[in-house]
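# Commentary on secondary and tertiary structure
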Amino acid sequence: MLENSLWLRYNPTKTIREVLARLYECSAVEIGDDERELYASLKRHLTKKELRMVMMNEAGLSPEEIGAEVGLEGEELTKAQYKAYRKVRQDKIRLEVRANKVKEVVEEVLD
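Fair warning: this is a prediction, and the values are worked out from it, not measured in the lab. (Residues numbered from 1 in each chain as written. Predicted model: local features only at pLDDT ≥ 70, side-chain atom pairs only at ≥ 80, totals over all residues. Heavy atoms only, no water.)

With respect to the helices and strands, the residue Lys 87 is situated in helix α6 (residues 74-89). On the basis of relative accessible area, Lys 87 is assigned to the buried category, the value being 19%. Discounting residues that sit within four places of it in the chain, Lys 87 has contacts with His 45, Leu 46, Thr 47, Glu 50 and Ile 93. (Helix = DSSP H or I, 4+ residues; strand = E, 2+ residues; numbered from the N terminus. Buried < 20%, exposed > 50% of the residue type's maximum accessible area, 1.4 Å probe, protein only. Contact = heavy atoms within 4.5 Å.)

What follows is the structure, encoded as structure tokens:
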């Protein structure tokens, strides 16, 4: 899994799969099951600051704690979080995390 990742530092009880399923309003079955690939997809499409804000927000940290960690306050923080979540919801990432599952199913059928 993601033993040394920031994800586990902030979210030891939630998986990326669960969070993405909630954000995309679908079942977790529709999201790929390889946590490393899901994390890599998020890292590829989000800046470090955006990824950190999403992870910390999903962990339930207060806006003050998140702001102190990423160096933003008030309205700037709110706008940056909105932008990060908007990126996560884009079709680019949505299709990529779902495509992992589709690719696995196709490989199983072809075998």
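Leu 20, Tyr 24, Ile 31, Leu 42, Met 53 and Val 88 are the most contacted members of the largest nonpolar core, which totals 29 residues. Among the elements of the structure, α1 (6-10), α2 (16-23), α3 (35-45), α4 (48-58), α5 (63-70), α6 and α7 (91-110) are those that each provide at least two residues to this core. (Core = buried A, V, L, I, M, F, W, Y, C linked by side-chain atoms within 4.5 Å.)

Its identity as a non-glycine residue notwithstanding, Glu 25 has a phi of 55°, on the positive side. On the secondary structure map, Glu 25 appears in the loop between α2 and α3. We classify Glu 25 as exposed; its relative accessible area is 75%.

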